[in-house]
Each structure stands twice: as C-alpha cells, then as structure tokens.
Amino acid sequence: MEFSEHIKTANVDDVVLKLPLRPALKGTLCVTAHHLVFSERKEEAGTCLRNLCKDLRILQFDIPGMEECLNVASSIEALSSLESVTELYPFFHRPRELSLSEPWGLSSPQQQYAQTERLWDRWRLSKVNRNFSVCMSYPRTVIVPCAIDDITLAKAASFRQGGRFPVLCYYHRSNGMVIMRSSQPMTGANRKRCREDELLLQAAIDESEMGYIIDTRSAQQAQQARMAGGGFESKAFYHHWRRLHRHLERGKVLQESLIKLVEACGDPSQNMDRWLSKLENSKWLSHVHSALSTAGLVAECVERDGHSVLVHGFEGTDTTLLVTSLAQLILDPASRTFRGFLQLLEREWVQAGHPFRQRCAHSAHSHARLRQECPAFLLLLDATWQLGRQFPLALEFSEVLLLRLAQDAYASDYGTFLCSSEQERCALQVKENTHCLFQFLLRREEREKYVNPLYEATDLAIWPSVHPQSLQLWTGLFLRWTEYAQTMDEAREEIWTIVKERKETDRPKGCAHTTLSRHDSFTNVENLMDELTVL
Amino acid sequence: MMEHIRLPKVERVQLADRSSSRRAQVGTLYLTAFHTIFVDNEVHNELWVLHSLVCNVEKLSITSCGYPLLIRCKNFQVIQLLIPKENDCNDVFVSLLRLSRTERYEELYCFSFMPNVDKAARGQAWDFLNLKAEYNRMGVSNKLWHTTSVNREYRVCDTYPADLYVPKSASLPVIVGSSRFRSKGRFPTLSYYYRETQAVICRSSQPLSGFSARCLEDEQMLEAIMKSNPGSRFMYVVDTRPKLNAMANRATGKGYENEDNYTNIKFQFIGIENIHVMRNSQQKLIEVSDLPSPSMGEFLLGLETSDWLKHIKSILAAGTFIAKAVAEEGVSVLVHCSDGWDRTTQVCSLASVLLDPFYRTLKGLMVLIEKDWVSFGHKFSHRYGHVVEEPKEASPVIDQFLECVWQLMEQFPCAFEYNERFLISIYNHVHSCHYGNFICNSEKERKDLGIREKTHSLWPHLWKNKVDFVNPLFRADHSQTKGVLQPLTTPYCFKFWRGLYNHFDRGLHPRQSVLDSLMAIKEETQQLEEVLTIYQQKLAGVGREQANDLFVKKHGMKNSQGLWAEPTHIRLANSPQDYNGGNLVSGPKDLLPQQRKTNLDLSLFGDTSESSDPDNSDQESEGADFSCHSCSGGASPPSEDSVKDPDSDDPAFNNA
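Definitions and limits used
- Residues numbered from 1 in each chain as written.
- Chains lettered and ligands numbered in written order.
- Predicted model: local features only at pLDDT ≥ 70, side-chain atom pairs only at ≥ 80, totals over all residues.
- Heavy atoms only, no water.
- Helix = DSSP H or I, 4+ residues; strand = E, 2+ residues; numbered from the N terminus.
- Buried < 20%, exposed > 50% of the residue type's maximum accessible area, 1.4 Å probe, protein only.
- Areas by Shrake-Rupley, 256 points an atom, 1.4 Å probe, with all protein chains shown as cover.
- 1 Å grid on protein atoms, 1.4 Å probe; cavity = no way out; pocket = protein on both sides within 12 Å on 5 of 7 lines; lining within 4 Å.
- Points joined across faces, edges and corners; volume = space filled by probe spheres on them.
- Nonpolar A, V, L, I, M, F, W, Y, C, P; charged D, E, K, R; others polar.
- Arc of directions from axis to C-beta.
- Contact = heavy atoms within 4.5 Å.
- Axes fitted to C-alpha atoms, helices over the stretch in contact; angles between N-to-C directions.
- Parallel < 35°, antiparallel > 145°, perpendicular 65-115°, else oblique.
- Phe/Tyr/Trp six-rings, centres within 6.5 Å; stacked < 30°, edge-to-face > 60°.
- Lys NZ or Arg CZ within 6 Å of the ring centre and 35° of its normal.

Let's shift gears to the overall build of chain A. Counting its regular elements, chain A contains 20 helices and twelve strands. Across the 535 residues in chain A, those meeting the buried criterion constitute 58%. With the model as given, the accessible surface of chain A reaches about 21,900 Å², and the carbon-plus-sulfur share is 51%.

All names here are of chain A. Taken as a whole, the largest cavity encloses approximately 120 Å³ of empty space. Lining of the largest cavity is provided by 14 residues; of these, Pro-109, Gln-112, Pro-139, Leu-168 and Arg-181 occupy positions nearest its centre. Every element with two or more residues in the lining of the largest cavity is listed here: helix H3 (109-115), strand S7 (142-145), strand S8 (167-171) and helix H11 (338-351). Each residue belonging to the lining of the largest cavity can be placed in one class, and the counts come to eight nonpolar, three polar and three charged. Computed from the structure, the second largest cavity encloses a volume of approximately 80 Å³. Surrounding the second largest cavity, eleven residues form its lining, Thr-187, Arg-191, Lys-192, Phe-232 and Ser-234 being those nearest its centre. Partitioning the lining of the second largest cavity into residue classes produces four nonpolar, two polar and five charged.

Further remarks concern helix H4 (residues 150-158) of chain A. Residues and elements named next belong to chain A. Along H4, the residues that are buried comprise Thr-152, Leu-153, Ala-156 and Ala-157. One face of H4 carries all of its buried residues, which in axial projection span an arc of 140°. Of the exposed residues in H4, those oriented more than 90 degrees away from the buried face are Ile-151 and Ser-158. Packed against the buried residues of H4 are strand S6 (123-126), S7 and helix H5 (195-204).

Residues and elements named next belong to chain B. Remark: helix H9 (residues 308-329) packs on helix H13 (residues 397-411), axes separated minimally by 10 Å, with the N-to-C direction vectors making an angle of 80°. It follows that H9 is roughly perpendicular to H13 by the angle criterion. Contacts from Trp-308, Leu-309, His-311, Ile-312, Ile-315 and Leu-316 in H9 reach Gln-400, Glu-403, Cys-404, Gln-407 and Leu-408 in H13. By residue class, the composition of the contact of H9 with H13 is seven nonpolar, three polar and one charged.

To continue, consider the packing of aromatic side chains. Considering all chains together, one arrives at 40 aromatic pairs over all chains under this definition. With a centroid separation of 5.9 Å and 75° between ring planes, the pair formed by Trp284(A) and Phe478(A) is classed as edge-to-face. Of the two residues, Trp284(A) sits in helix H9 (residues 284-303) while Phe478(A) sits in helix H19 (residues 475-478), which places them 194 residues apart along the sequence. Residue classification places Trp284(A) among the buried residues on the basis of a relative accessible area of 1%. Centroid distance Trp349(A) to Phe377(A): 5.4 Å. Interplanar angle 70°. Geometry classified as edge-to-face. Note that Trp349(A) is positioned in helix H11 and Phe377(A) in helix H13 (residues 376-390), a separation of 28 residues in sequence. Among the residues examined, Trp349(A) registers a relative accessible area of 0% and is labelled buried. Put simply, the rings of Phe76(B), Phe299(B), Trp308(B), Tyr427(B), Phe496(B) and Tyr501(B) pair up and form one aromatic cluster. When the ring centre of Tyr359(B) is taken as reference, the NZ or CZ atom of Arg137(B) above it lies at 5.4 Å. Directly above the ring of Phe234(B) sits Lys266(B), whose terminal nitrogen or CZ lies 4.4 Å from the centroid.

Written out as structure tokens, the structure reads:
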C-alpha cells in the first residue's frame, strides 16, 4: 500500500473545525489512509479549507499555515478518489463482531427461481453467462423462457447493447404476467433484425397475448439512437409487442439536476422567489415525477391490464433499473419488507450491473468530470421515500434506511456497492475480502434502527399519486445537515415512543392473562369437586 | 329564505367526480333554506353543502347529457352537477345565487340553527372561554398593569372590547387623548404580557400624525407602556406595513410615529402587504391548486408567481421578530398597521403562539382567537363575506394566520396539542356561519344583535370533539413543547398547504394516515392499561375470594370473561375511523380493490407527449387515453361536520 505517498502532512495542530449547527471546535487534524481524524483541544485560525462531503455535509477546517493547508487539501483530494478498488476502505474494515466467512448477499436469481414455483413450467435458469462471456454486466445465471436455448440466447445477446438480452426480473403471482428488462436492440440505421431476439420475446408471452415494451427514451431519442447503431423494436418484426415511450432523463442531465438542487438547498438567501425558482429550475422533482409515473405505467400494464412488460432505454443499467424496481415496490408486497427491499436492491441494482463505481463516485459537490457520474440510485431512493410518504404504513423500512443507503452508495465501510458488475466483483474477490452491508443491516440490533414502527403489511398494490401537490422535497436527505432535520428526528423518536408504549402495556397484560387462566382451571377442578360432594 | 327556492327538488341529477370524467353518481338534488343536498340513488350517500359556504355558482356550456352547474365553495370544495332540463338548471342556478348571498345577518344559518340545548346550557356554552381568566393566567392585572373601564360603553372605541388592559400609570385623560390621535380611536392597549421578562405586546391603529402633527397624550401613553417594563430602557414600535404604504398614509392625515417625538422608541417597518394584495395572491394560489393536471414545473412556477408563500413568510418573520424582542431582549413592542385589525392581529397572535406554549394547546388556540381576533374587532363578516357587502373588503387574513400556525406545526411536529384538522375546522367555521362566534365585525355589533342569546357558540362544540383534533405526537413535557419556539424562516421551510387548498381532492393525499394510525395505537395503549388495571383488581379480588365462598368466585370468573369482551366493543365504537362517520379509511384493506378491467386502458400514468412512435411506418393503431390524472385512493381526508363526504368508501379504481 502506498497510501503514505498521498499523505504529505499527517498531523496539523490548532485546527478549527466548523460544522453546521455546532459551535466551532479546535484541535488536531490527522490524515490517515481512509479517514480524517479530528481530536478536540482547547486552544486561532489561518487558511480555511472546506470539505464538501459526498453525504452533502460541509466541514470547514481553519488550518494555520498556507502550506499545511494545501498539503492536507491535496492529500484529501488524492485519498478520496483512489483509483484502485482494492485500496478502498471496505477492504480494510474489520469490525470485531463480523467475520469474513459469514454469507455475503441475500438473494440471487437461483434463489428467486427456486422460490417461485409457478415460474417452473415456462421459465428456466440459464447459465449461459457463467463465464461472463455473453454479457459482462449480467450475473452468472439469469431467468429466461424455457423455449429458448442457450445458443439462441447468445445470439440474441449479440443483438443487444452490451449483451444485455431480455431477462425476467419480476413474476406477478396474481396473473402470471412478468416484467423483463434488457438494453436497446442494435438495429442501426438500416433496421437490422435478429430472429433469435424476436423468438426470445415471443417465447415470453402466449400467442394470443400482447406485451408492452416501455422504452425509457423519447421517441426522438430512440430514433436518433439508430444513427449510433442502437435502436428500438420495430412493430413489423415484434408482432405481439406494443412499444410506448416515456422520456426519463439520465446521465449528465440528472447529475446537473442534483447539483442544482443541492446548491439551492445550501443557498443562504432569504428570498422566497429565488428558492422556488431554483427548486423548479433544478428539475429534480420533475425527475422524481417521471420515475414514479413510468413505474406506475409499468405496474398498471401488469396488474390492471394483464400484460407482460419489457423495460429498456439505452444501456439498460440506469433508468431501466429505476423503473423495474419501483414497479416492483408498487406491485409486490414482498419487496416492501425490510429484507425484501434489500433483496430487490441486490437483484435489480447490484447484480443487474448498475455501474455504482462510475455513477456514485463524487456526489453533488464535485466539479470534477461528470461524464459517468449519475444519481440514478439516489433518484430511486427519493422515489421510494415518496412512496413511503403516501403509504406510511406500507413499507417495513423507514426513511432512516434510505438515508443510510444513500450514504453507503457513495462511501461505505462495506463492499456491497463496490464495483460495477458481478464480473468485477469476482475478479477483485470483493465477496471474500469485504463485509456485506445488507447482511450487516439485517442483524437484529442494526435492523431495529431502520424499521418503520407503523408497518402493517398489505397485499395490495400501492398506487402513488403523481400530482405535483403529492410529491415533496426529500428534506430528510437534502436538508439533512440543517436545524430543520433535527425536529423531524425528534418527531420520529416520538412515534417510536408511542409504539413502544403499546408493546409494553401489551406484555404485562399477557402475564396477567396466563395467571388468571391458570386460576380458571384451578376453579374448574374445585367446581368438579363441589359437584362430587353434592353427589 | 324559503321564498327564494324556486325548485325544491330535482331528480336524475348527476354529480360528477372531478378526478375522473367517467365516474358520476346519479341522484336527487334538494334545495332547502340553508343547504344544498344531493342524495345518491344507489347507495344513499348524502352530500350536504351550506349555502353560506358557496362562493360562486356558474353555468357551464351545455353537454349531450344535460346542463352543467359548477358550484365553488369557500372551503375549496368544487361541485359539478349535471341537470337534465334547462329550466330546472336555471331555477337551481337562480335559487342558489340568491340563497348564497345573504343580505341581512338575521338570515344567516346560525340564527336558525337550533340544537337541542336549553337556555341555561347555551349561556354556559358561551361562557366556555373566559377572557378575564386568560389575562389572569398571563399575569395581569398586576402592580404595573390593570384593567380600565374607559371603554365599557364602547364610547372611546366602538371596535374594541369593553374590557381592556393598560398601564396603571396611564391616566384616563391620557388614554382618551391618545385614542383621539389614533385611527378609529384604537389606542395602544395590552395584547400579551410575557411574565418572564415583564415585556408586553401592545396593539393599536396608526397615529393621525400626517406630516407633522403630534399628540402629547399619545406620547405619554407610549412612555407609560415603555416604563411599565422595568427591565428595559426603550420599546419597539413596529409598523407592519411596507414603508411606502405608511408614507402614503401621511398625505391623508395618518401615518406613523416620528421617533424624535417619542421618548426612547425604536421604530421599525416590517412590510406585510395589504388586504388587496393578499386577496389577489390567494386567488392565484387557488388557481394553481385547481389546475387539472399540471406538470411539476407549471405547479412550482405558479406557486412562485402567486407570491403566497412569500407573504406567509413575511408574516411569520414579523411574529418571530416580536417574539424575540419580548423573550430574548425583554423589550416591549407596540404593533400597528393601518386600522390595527388585520396585520396587527395576525402578527400579535402569531407572536403569542411562539411565546406561550398554552396557545399551542387546543383550548389555548381557541382563547387566542377569541381574544386577539374576535374581541379586538377583526372584521370577520367583512373579510369573509358573511353578508353581501363591498367585495373589496374580503381578504384571507385569518387564513394566513392559520397557515402560519400550520407551517409551524410542520416545523415542530411535537410542539402542538392540536392537529391540522383543528385548523381546517376553524377555517370552515369562520366561513360557514353555523355558529355565532364569527358573525359581525366587533364585540359591540354582536351585543347589539344579541348573538349570545340567539345563536350558539362554536368552542364547546369543538371541545366536545377534541379526540379528533389531538396531535398524537404532542407531549406536554417534550423539549419542543416548552418555552419559546424559534422557527426557521429559510424559504425551504415553507410548503404549499395541500390539506387546505386541495382538501377535497382525495387522490392527492397520502392513502394512509400516520395521524390516524398513531391515534389508534395510543387509544389501544390506553385501553390495554385499563384492562390491565381491571385484571389486577380482579386478581386481587380472586385471591380474597378463595378464602371465602366458592359460589361467589364462580360468578366472579364469569364477570371477568365479560370484561374481556368489552374492550373490543369500546374499540369498535371509538376507533378513529369513526371520525368521519365510518368514512375515513385508515387501514390498507379498503385501499385498492383489485378490479380487473375488461378493456385495455393505460390511462393512469400516461402523458400524450411521448406516446408517438418514432417510426412512422409502424405507428401504433390504438389511441389509448393518456391523460395524466392520478389514481384516487379510497381514503379520504376528513370531511367537516357541515359538509358530508359523499362517497369516500367508493372503490378506488372504478373510475378508469
């Protein structure tokens, strides 16, 4: 490890730390390989260093001496954007209570398949990607129609961008309809076709059925994609599929939207017009709106109209996953449980190859190159939060879990969000050398921090309202480091107190009840004896 | 009123559901002296709308099924009726126009509303709140402040209450002299006494200072107020108007205090706009909230151009300034605007809510409204158009106060004993004229009209239903509850009040209510505790009985089984679902009936702009309906007692 190269100044004394909402602290700042350690001491200020964190917090250090300040700054700069994954903290994080031999991960396509018996007659597990040779960003096993063999799959994969051929991601028990996802077909300017791909989609539905393709791009975008070799499924070749276009923003536009929103939230101005126009201008809530309404459309196709759906955009690794996972939250009660939600994230984001490493590298404060950075996962968490606001009893996890995930996706002690695909994770032996965040969160003492005290399971779909009046700024995340969040935390605690009080009154009642019923049988015996004496 | 009803009953009327064009109820429409009633033919749901809540009636252009009538209410309910015959529609229209425009106070509903209460009980109900006791609670009279009888006969100021509190050091001639120098005679008088610092909030109207006039008694009056706060050497005089408006008033012989003429005052403008600006702003806000299916951008832009949240922020900022002066600096404040009954009232009462935890309790808010608004002559009947008057007098003044309190509740979720429903209920009753409390424009007018003898008081009615209005997160010993509230006034703390402006648009609200859920849990806890106590007594009793008679014991056991069954009954009867006469669905069970539809329809989340196909050669043939309206849930927001929600337990998705 060559961390020491990056650390030009390891210790600085008499540093003043300014945190939001707290009085300034004086002390010593230590730069270590993975952490900034600040220890408080009672002792004035020189050059100022502002640390803009990925969790949207701003730490300000006043460091005496220009040179030292520059040293610390360049060290932090270098250490916070390490190139090699294996140098990152998850590879060094060894808490005493966890062992590396514990199971890693919660779910896999195999498990999903094994648990869904009704899938078995029409769908099969395929290991066509066992060497990651068919698709670099897919897991080793995927669920596909029985009628399609591995050779056909491989051919269909060559027709899809990045080899991401259509695979099953959700089976709707009540009517047997499915949600699938893929990347765009590579039809190109001269409308190439691929029989295997057509067969694959046809095998997913019955002869008489009609399937829907929800393309997360606008019609123009899809049209233009042909010039770059991509494209869309033409009706002439996919008879039983109808295509609908829903334009979702992605990539740079989404990242800029987040930056604008975070900037607006940090604006000290007291001007109401300025705030509302900045909020509007950031367009973040519009993106939340389109994500939820597209997912609603998919869920509606499946649940109310009884059609299977294929979702894709360009690469099928960002907005596609956003839509398929939100649709599952709306439809599937299992994915609204604590474990189920983590499983959903693991299947639909981690294993499905959302490139976390590129997308969640810098967060909102970075002015570095934004080419690959994109808060699609953050948008999912925000939309999930909106669902939780509209159905406060329907999710088993609370906002606190979403906040924890938002933080860990950008910087974590755990290996879960490292790398961009299963292939990378295998190559770097992530599972062998890091701990799993999801497993950790499910430990009893951790889980308690993140559950929703009001949870009541419902079997029904939870259809969100997508009216602007119904969608709100996620203050818990975007105003997390302000006073505003404090009173909200207090309210959350109060809810817990109320729920706990009920549990506590419930318990002694149970005790009283058992004593009494024991007494009851005792009297019964006595009654019998009474009768006996009468006789 | 009966003579204005041209047509008492119309059959086969359709009541449209505004969230969907496809769902309508068919039923019979009745017009009575005070209500429009719609009774559904099939399920016999009833919709009652008070005529006094009707804001305007509009005939829309004829459709193939009949003649549509649009009724807009002051509580933001919008009702669309479809009447088969043109004559009938016209008769209903003309009748409603007249019935909703009351010409004399005596025609108002409160004079005909006769609940089964005897005279003594009615009087008692009016004595439910006692302002004298409230001033005592604050800590006056004391050695520096006392009550004055100067306005007993409303001779000095006919818009002030009879009982007023002034500095002991202000002599009668000073008070009278000061009142002559103040617009409408509204001289400086005590609104709130803050015991901890002995600083006070006083209120008045603007001085008649013109460009150079002065009045020795008025100067003495202010000095007396300043000196009645021994801890401070100066006082603030806060003019809540924008400086420009105040200066313009000087040309008409009114204006503001000249710092040079008064001893030790610090003069300050706060810049809250006048009633006309506020009326227009709210109008724009209502238009935004009423847009059929706005995009996020349109909505936020509309919210911004309405300026409504800007005004709310300026009022809250003014209240915060005064609360700080009184609590932190210990400096007394005199607040005025032009006549001292709109902005002054808002700001004084808001500062009191911030300063005194009592005003954050149910009873406290009632007392506060009774004191600062009702007794101090806020012109309710003019501002909320109870009787036909100059429309320029109407303005959402108390709306803004209630909204500021709501914004505070959003910021401090544990600090208030009451919940949003309480505010909305008060809002409705300010407009409904169901009770006499808010009728007329001053205490004197109410006395002359015999409001106390001829109508009923709202407050005991609300108190009786207080279970519905309690905030389950409130705890008297919580850190948020105690002491002075210090709200943030950063713009992001202000939100659009969906609960009021879109109260009747059920689809927009959360489908499950945290409030109801917590109330149910709390109630359950309470019942469990009761059962537990009974059990413990029972157990103790059984122990004793064992030594006594076996026969008695057997009976004892039987009774205890009966006790087990009882709580379930209690729970059924008292559960919060009953808040709305069984209409409010808090559990998820009734949320979303899964209705399989026969026809293909993807209308719920659609948006036509993106549905076109990029490839012209393979256009999709079927033109699905992609209008962007959301699904309406089964859970409805609570309807108020004067307005019954017609169909909240309707299935959620049969509209599509």
